[in-house]
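Observations on chain architecture
Below, each chain spelled out in residue letters.
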Amino acid sequence: MINLTNWSWHPPKDWLRIQSVDLHTGGEPLRVLYGGLPPINGQNILEKRRYFRDELDYIRTGTLFEPRGHADMYGAIITEPITPNADFGTFFLHNEGYSTMCGHAIIALTKLVFDTGMIEKEGHEPELVIDAPPGLIRAKAYRNNGWVEKVSFLNVPSFLLMKDETIHVEGIGDVTFDVAYGGAFYAFVDADKLGIGMKESDYNQLIDWGRRIKYAVMEHYAIKHPFEEDLSFLYGTIFTGKPNNPRHHSRNVCIFAEGEVDRSSTGSGVSARAAFHHAKGELKTGERITIESILGTTMDVMVTETTTYGPHQAVIPEVSGTAHLTGKNEFWFDPNDPLKEGFIFR
């Protein structure tokens, strides 16, 4: 008779054991690694991210790639805070490496730390200060009966970098695009003008064209952050178009990293959209818009104020969305497993 009630086996002591909590924001997964991690050295979040990339990257591939994850899995590391008034630090992981900012992760992390008691704060609208790669992120939770129903956060200064540029992309033709920054840089293209759909059935073509556009822009244009070289790269392509729900402003489908498809509306992406819509006179300060994802889930974004950021006229976006807890894991790394560091098909 099999014993399922008193079974208490534990892996050998020489196995690496990494603890995580899984969530999703609008359908986009987040695997938060919080336990069993070696020390992550660095005086700030960018240094910690660089150290993890150079010394501990096998943890990223081992927890996000198959057989423990999949090609579209996304992750975050929780660290101790760096800034004196911050609650914790974080940086973000994906199939290509390490992103600069992730709005869906900020929403999920806020849900996680309050609903599980990692951080205890009183009140119906507790706030967090989070050390992230592009700077301090201020997040607010909206509780109902003790549970976080919605999260909003004030993003870093966001700005339009390139406006109405055109490039010839092999296999597609001439593509008109904008590049904007919302914690990460994205090339924005109009799906209707390209003749590409933005539904789940268009998934493979969106990946193909998104990658083609991203690499073409990267090859011919310099993407420069005003202060940080580590943030100076094009993260992805975002297709924009008409919403399915006429009450919403529009739809976003983001193809980022190495062909990952964001299931959510993309928090840093809607921040960048707020920046370029405001720069083009299409979005007023204080005006809130709702943007759909490929699944039809939504995020709201609003320009709260204008500012300058280096040489750029910028805005401070407020992004709102919802997240849900889906599970808790302990991943085991058998040192004799030839596939312990993971593999990926993309």
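Here we summarise the structure given alongside this text.

Quick notes on the rules
- Residues numbered from 1 in each chain as written.
- Predicted model: local features only at pLDDT ≥ 70, side-chain atom pairs only at ≥ 80, totals over all residues.
- Heavy atoms only, no water.
- Buried < 20%, exposed > 50% of the residue type's maximum accessible area, 1.4 Å probe, protein only.
- Helix = DSSP H or I, 4+ residues; strand = E, 2+ residues; numbered from the N terminus.
- Pairing = 2+ DSSP bridges.
- Core = buried A, V, L, I, M, F, W, Y, C linked by side-chain atoms within 4.5 Å.
- Contact = heavy atoms within 4.5 Å.
- Phe/Tyr/Trp six-rings, centres within 6.5 Å; stacked < 30°, edge-to-face > 60°.
- Lys NZ or Arg CZ within 6 Å of the ring centre and 35° of its normal.
- Polar contact = N/O pair within 3.5 Å; in protein donor to acceptor, adjacent residues only side chain to side chain.
- Expected span 1.5 Å × (residues − 1).
- Salt bridge = Lys/Arg side-chain N within 4 Å of Asp/Glu carboxyl O.

1. Observations concerning the pairing of strand β6 (residues 127-132)
Buried residues dominate β6, accounting for five of its six residues. Bridge count for β6 against strand β7 (residues 135-144) is six bridges, and the pairing is antiparallel. Looking at the pairing, L128 lines up with A139 of β7. Here β6 hands over to β7 after two residues, the two strands then running antiparallel side by side.

2. What about the nonpolar core?
Formed by 85 residues in total, the largest nonpolar core has its most connected members in F92, V179 and F239. If one sorts the elements of this core by residue count, helix α3 (residues 103-115) sits on top with eight residues. Not counting residues up to four positions away in its chain, the partners in contact with V179 are L160, L161, M162, F185, Y186, A187, V217, I223 and L234. Counting 16 residues, the second largest nonpolar core, distinct from the first, contains I40, F52, I59 and M73.

3. Overview of the packing of aromatic side chains
In the structure shown here, the tally under the stated rule is 17 aromatic pairs. Pairing W9 with W332 gives two aromatic rings, centres 5.3 Å apart and planes at 65°, and the pair type is edge-to-face. With W9 in the segment before β1 (16-25) and W332 in strand β18 (residues 323-333), this pair connects stretches of sequence that are 323 residues apart. The positively charged end of R68 is found above the aromatic ring belonging to F333, 4.1 Å away from the centroid.

4. Quick word on unusual backbone geometry
Omega for the peptide link from E66 to P67 comes to 5°, which places this bond in the cis form. Checked against the element boundaries, P67 lands in the loop between α2 (57-64) and β3 (75-79). Of note in the backbone geometry, D164 takes a positive phi value of approximately 55° without being a glycine. Note on placement: D164 falls in strand β9 (residues 158-169). Residue D164 is classed as partly exposed on the basis of its relative accessible area of 46%. Even without being a glycine, T266 presents a positive backbone phi close to 80°.

5. As for the pairing of strand β4 (residues 88-93)
Most of β4 sits inside the fold, with six of its six residues counted as buried. Here β4 shows no split at all, with F88, T90 and F92 on one side and G89, F91 and L93 on the other all buried. Bridge count between β4 and β6: two bridges; the pairing is parallel. Opposite F88, over in β6, you have I130 as the bridge partner. Bridging between β4 and strand β5 (residues 98-99) involves two bridges; their strand directions are antiparallel. Within β5, the residue paired with F92 across the bridge is S99.

6. Section: α2
Buried residues dominate α2, accounting for six of its eight residues. Looking at α2, one finds that the buried residues are I59, R60, T61, G62, T63 and L64.

7. Notes on the environment of R60
Among the secondary structure elements, R60 is positioned in helix α2. It is 17 Å that separates the C-alpha atoms of R60 and G89, two residues lying 29 residues apart in sequence. Discounting chain neighbours no more than four positions away, the residues touching R60 are F52, F65, L93, H94, N95, E96, G97 and Y98. A polar atom in the side chain of R60 sits 2.7 Å from the backbone oxygen of H94. Within the local environment of R60, its side chain forms a polar contact with the backbone oxygen of N95, the two atoms lying 3.4 Å apart.

8. Observations regarding α3
Under the 1.5 Å per step criterion, the end-to-end length of α3 is 18 Å for 13 residues, consistent within 8% with the ideal 18 Å. In terms of burial, α3 is largely enclosed, as 13 of its 13 residues are buried. Looking at the residues trailing α3, positive phi occurs at G117, about 80°.

9. Description of the environment of G321
Looking at the secondary structure, you find G321 in strand β17 (residues 312-321). Overall, G321 belongs to the buried group, its relative accessible area being 7%. Distance from G321 to G26, taken between C-alpha atoms, is 7.6 Å for residues 295 residues apart in sequence. Apart from the residues within four sequence positions on either side, G321 is in contact with I107, K150 and V151.

10. Quick word on the pattern of salt bridges
For the structure on display, the rule yields 20 salt bridges. Here E258 and R211 are joined by a salt bridge, their closest N and O atoms 2.1 Å apart. Of this pair, E258 sits in the loop between β13 (250-256) and β14 (260-261) while R211 sits in helix α5 (residues 203-220), placing them 47 residues apart in sequence. By relative accessible area, which is 22% here, E258 ends up partly exposed.

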